[in-house]
Amino acid sequence: MDRLRGFLAGDPGADRVVPPTGFTAWLTIFAAGAMAFLAVFALALSLATARLADRWGDALARSSTLRISAPEGQMMAQTDAALKVLGTTPGVARARALTGEEQRALLEPWFGPDLPIETLPIPQLVEIVEEGRGYDAAGLRLRLAAEVPGAILDDHTRWREPLVRAASRLRLLGWVSLILIAGTVGAIITLAANAALAANGQIIGVLRLVGARDSYIVQAFVRRFTLRGLIGAGAGTVLGCIAVALLPRTEVGGGFLTGLGFQGWHWLWPLTVPLLSGAVAFFATRAAAQRTLRDMP
Amino acid sequence: MIELENVAYSYGGGELLSDITLRLQPGSFHFLTGPSGAGKTTLLKLLYGALMPTAGFVRLFDADVRDLTRDDIALARRRIGVVHQDCQFLNHLSVAENIALPLMVSDRDMLAEDANLRELTGWVGLTQRAGALPPELSGGERQRAALARALIMSPDVILADEPTGNVDWEMSQRLMRLLVELNRMGKTIMIATHDLALIRAAKSHVQARVLRISNRRLQLAGADL
């Protein structure tokens with residue numbers, strides 16, 4: 001802890017011995033900032049897809065839909081029969097027929113608000129909520145075929161599984177992106193540090209001549225590049241968070257995705273981006289500096 | 001103090017120095033001479049651990065240089081003040097900061113050393129130039145600043161490589177007087193130079209051994225000087 005405090009506080013002398021390199025410094029800060037900005041989006045994507053996968057995986061797995069298509073006049077009777085069957089099926093917590101209003105709301109995004117639903121041959125939907133380990137879908141289908149011939153059971157498996165798989169892949173992609181971004185930050189900072197070390201070979205020679213230990217020289221470079229990484233990534237993270245916060249909410253747009261962004265304590269996750277960037281910069285510069293000093297006579 | 005024993009040094013397939021044996025006793029004064037390219041700078045670098053011998057032994061303060069870690073060599077260099085012909089300054093730091101550089105890198109308390117720094121800067125006559133940047137100094141001022149930097153840690157040994165190479169005769173005499181004065185304070189001095197007139201002039205003020213590198217080997221000179 002003392003070493004970390006000492007590192008952050010810095011040594012004014014060590015900070016002065018390496019001359020400032022304006023253009024390289026700004027490039028490093030900009031690169032770290034841009035990468036942090038992208039990292040925030042990758043993080044938001046990962047967390048959003050994680051939420052999607054959870055929702056599709058859990059919430060939808062707990063429910064299913066019964067669709068009853070029957071000639072006019074039989075709809076009510078078949079709906080009652082279906083509800084009776086469902087009411088005696090183990091694993092079904094509750095089942096209820098959707099009201100006309102609810103069915104209209106489901107169709108509204110496609111047909112608009114003035115749809116005369118009563119005049120259309122629209123099937124009756126029954127929402128089924130499961131309990132415990134769920135119901136035996138094959139057995140229920142057999143019972144429904146016998147007692148409610150117009151009923152089709154949709155347990156959501158058919159479309160839920162590909163969506164969950166897609167969400168999981170997206171989440172994985174998000175994490176891979178984060179790893180690639182961290183690697184890119186490391187590569188950029190290593191290149192910048194190598195360039196700085198090569199450009200300052202004469203200074204390193206002088207420092208050694210006057211008795212500087214390698215650790216002193218390494219620290220002078222490492223601290224500089226770590227701070228650049230931290231500053232750049234801090235700015236990039238703030239901008240990234242603002243951009244994510246400004247993204248339109250799904251509640252407004254009613255889109256398919258549940259919202260690319262952070263919710264609740266997930267807003268703390270972006271704080272890790274500058275820290276990670278600083279850590280990457282620290283280790284990348286230290287490795288580059290130690291390698292350079294080892295190779296120097 | 002610093003000792004070379006049967007040292008050879010090769011570079012690029014050729015042997016630059018061969019069978020060199022030399023002991024720098026505390027308080028001694030040595031001149032190292034020889035033609036350009038004879039290996040004077042190489043020998044000095046062996047003496048402060050900047051180069052490793054390809055054969056033989058180099059002992060820095062009784063420790064075999066091959067047994068020393070890089071940190072050990074750094075610590076040993078704090079006891080050896082080195083003055084190069086080209087001075088080797090950090091051009092973005094002021095003269096005072098360059099003189100104080102050995103203090104900075106050895107984590108000394110700069111405030112506590114401030115009086116020492118001022119005194120030394122005054123001793124080499126650079127008080128008025130302390131805030132200047134190295135490129136703004138004349139050749140003589142640069143050499144005096146390099147000497148002050150070499151002395152700031154109060155080293156036991158001072159190695160100077162052509163310290164008067166870029167200065168006029170008057171300034172070279174002034175620098176020599178400073179080095180002789182340091183020797184009288186007990187410092188061990190070795191000066192590499194090809195300027196025989198300088199050696200002759202200095203010998204009237206100090207008892208010095210004059211060594212010459214000839215055909216890769218070290219010889220005692222003197223009779224002809």
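These figures come from a predicted structure and were not determined experimentally.

Undergrad: Just checking my understanding: could you explain the sheet that holds strand β7 (residues 157-161) of chain B for this structure?
TA: Neighbouring strands of a sheet are bound in pairs by backbone hydrogen bonds; such pairs are parallel or else antiparallel. Residue and element names in this part refer to chain B. Spatially, the six strands line up as an open sheet ordered β6-β7-β8-β3-β9-β10, and their pairing is mixed. Strands with a single pairing partner mark the edges of an open sheet, and in this sheet they are β6 (80-83) and β10 (217-220). Pairwise comparison of adjacent strand axes, ignoring direction, gives a mean angle of 20° for this sheet. Strand direction decides the pairing type here: β6 and β7, joined by four bridges, are parallel. Bridged to Val82 within β7 is Leu159.

Undergrad: How should I be thinking about helix α4 (residues 75-87) of chain A in this particular structure?
TA: Because the α-helix completes a turn every 3.6 residues, residues three or four places apart line up on one side. All names here are of chain A. With 13 residues, α4 extends 18 Å between its outermost C-alpha atoms, agreeing within 8% with the 18 Å of an ideal straight helix rising 1.5 Å per residue. Here α4 has its buried residues at Gln78, Thr79, Ala82 and Leu86. One side of α4 carries all its buried residues, which in axial view fall inside an arc of 100°. Turned more than 90 degrees away from the buried face of α4, the exposed residues are Ala77, Asp80 and Gly87. Close packing links the buried residues of α4 with β1 (63-68), β2 (92-97), β3 (124-130), α6 (137-147) and β4 (151-154).

Undergrad: Please clarify how the packing of α4(A) against α6(A) should be interpreted in this entry.
TA: If you want to describe how two helices pack, look at the angle between their axes and the distance between the axes. All names here are of chain A. The N-to-C vectors of α4 and α6 enclose an angle of 150°; their axes lie 10 Å apart at closest approach. Classed by the angle they form, the pair α4 and α6 counts as roughly antiparallel. Relative to α6, α4 is oriented so that their crossing is right-handed. In this structure, α4 uses Ala81, Ala82 and Val85 to contact α6, whose residues at the interface are Arg143, Leu144 and Glu147. For the contact of α4 with α6, the residue count by class is four nonpolar, no polar and two charged.

Undergrad: Can you help me understand the sheet that holds strand β4 (residues 55-60) of chain B in this one?
TA: Residue and element names in this part refer to chain B. Strand order in the open sheet made by the four strands is β2-β1-β4-β5, with antiparallel pairing throughout. Only two strands of the sheet have a single neighbouring strand rather than two, namely β2 (14-24) and β5 (63-64). Sheet topology places strand β1 (residues 2-11) next to β4; five bridges connect them, and they run antiparallel. Within the sheet, the bridge partner assigned to Leu4 lies in β4 and is Val58. Where helix α1 (residues 40-47) meets the sheet, it contacts β1, β2 and β4, and its direction lies at approximately 125° from that of β1.

Undergrad: Explain the packing of helix α5 (residues 139-151) of chain B against helix α6 (residues 169-184) of chain B here, please?
TA: Residue and element names in this part refer to chain B. Between α5 and α6, whose axes approach to 10 Å, the crossing angle comes to 10°. Classified by the angle their axes make, α5 and α6 are roughly parallel. Taken together, the residues of α6 that come into contact with α5 (itself represented by Gly140, Gln143, Arg144 and Leu147) are Met171, Leu175 and Leu178. Across the contact of α5 with α6, the residue classes tally to four nonpolar, two polar and one charged.

Undergrad: What is the right way to read the domain arrangement of chain A from this model?
TA: Often, the extent of an interface is quoted as the loss of accessible area upon association of its parts. With domains assigned, chain A is organised as domain 1 (2-57 + 161-295) and domain 2 (70-149). The centre of domain 1 of chain A, based on its C-alpha atoms, is set 53 Å off from the matching centre of domain 2 of chain A.

Undergrad: Help me understand the interface of chain B and chain A in this model?
TA: Of the residues lining the interface, 17 residues belong to chain B; the matching set on chain A comes to 16 residues. The set of elements that each furnish at least two residues to the side of chain B that touches chain A consists of α2 (70-77) and α3 (95-105) of chain B. With five residues, the top contributor of residues to the side of chain B that touches chain A is α2(B). In the side of chain B that touches chain A, the residues fall into nine nonpolar, three polar and five charged.

What counts as what
Residues numbered from 1 in each chain as written. Chains lettered and ligands numbered in written order. Predicted model: local features only at pLDDT ≥ 70, side-chain atom pairs only at ≥ 80, totals over all residues. Pairing = 2+ DSSP bridges. Helix = DSSP H or I, 4+ residues; strand = E, 2+ residues; numbered from the N terminus. Axes fitted to C-alpha atoms, helices over the stretch in contact; angles between N-to-C directions. Expected span 1.5 Å × (residues − 1). Buried ≥ 20, exposed ≤ 12 C-beta atoms within 10 Å, placed from the backbone. Arc of directions from axis to C-beta. Contact = placed C-beta atoms within 7 Å. Parallel < 35°, antiparallel > 145°, perpendicular 65-115°, else oblique. Left-handed = near helix turned anticlockwise from the far one by under 90°. Nonpolar A, V, L, I, M, F, W, Y, C, P; charged D, E, K, R; others polar. Domains from an automatic or database assignment.

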